[in-house]
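Examining the three-dimensional arrangement
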Amino acid sequence: MSRLSRSWWRRTPYLVPGAISASIITLYASLTIIIGLQRTQQKPQYLPVRAQVQVFGQTLDLEVPKTAAQQARGLMYRSVLAENRGMLFEFNTPQHVQFWMKGVEVPLDMIFLREGRIVAIAANCRPCKTYPCPKYGTEIAVNQVIELNAGRVAELRLHPGGSLPVRFVD
């Protein structure tokens, strides 16, 4: 072994811990950035009320997501949902849909509609804390889904086969 090679090997024990420390610092900085981005992405969205439904004299105000990103976020990260407030998901053509409760903090009732008729109800859907998350949907293609606080469907005496026409507001 040459003198240069021997001197490099003697310094290696000091270089390796330095390289490991630099890697740990880089990893820590990267994770801090990623976690920071996730925290900013975990803010709930509040959309304008663009639709309403009338049920036994009660008006339910519905937020309507317009973009795919807004639909994907839905009611995630909200710690509370007002009693007569909910969200309406619209689909251009009737389709089979599935919803899950990942990132949702409050239990919800889901009402699956086709042309204003209730085709299915998923009541008391619990927030998902561990994977895999249960999925809620229907075998019948729908063009709208309404999410309300858990228990509201029973309080309002809604049932499959019933009518629940949505009225859009400006």
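Above this note sits the structure.
Residues numbered from 1 in each chain as written. Predicted model: local features only at pLDDT ≥ 70, side-chain atom pairs only at ≥ 80, totals over all residues. Heavy atoms only, no water.

**Quick word on unusual backbone geometry**
Of note, the amide linkage connecting Tyr131 to Pro132 takes the cis form, showing an omega dihedral of -5 degrees. Note that Pro132 resides in the loop between strand E6 (117-125) and strand E7 (135-137). We note that Phe56 has phi near 45 degrees; this positive angle belongs to a residue other than glycine. Of note, Phe56 is situated in the loop between strand E1 (49-55) and strand E2 (58-63). You can call Phe56 exposed: its relative accessible area is 58%. Despite not being glycine, Tyr77 shows a phi value in the positive range, around 70 degrees. Following the sequence through the fold, Tyr77 ends up in the loop between helix H2 (68-73) and strand E3 (85-95). (Helix = DSSP H or I, 4+ residues; strand = E, 2+ residues; numbered from the N terminus. Buried < 20%, exposed > 50% of the residue type's maximum accessible area, 1.4 Å probe, protein only.)

Scope: geometric values only; no functional claims are made or implied.
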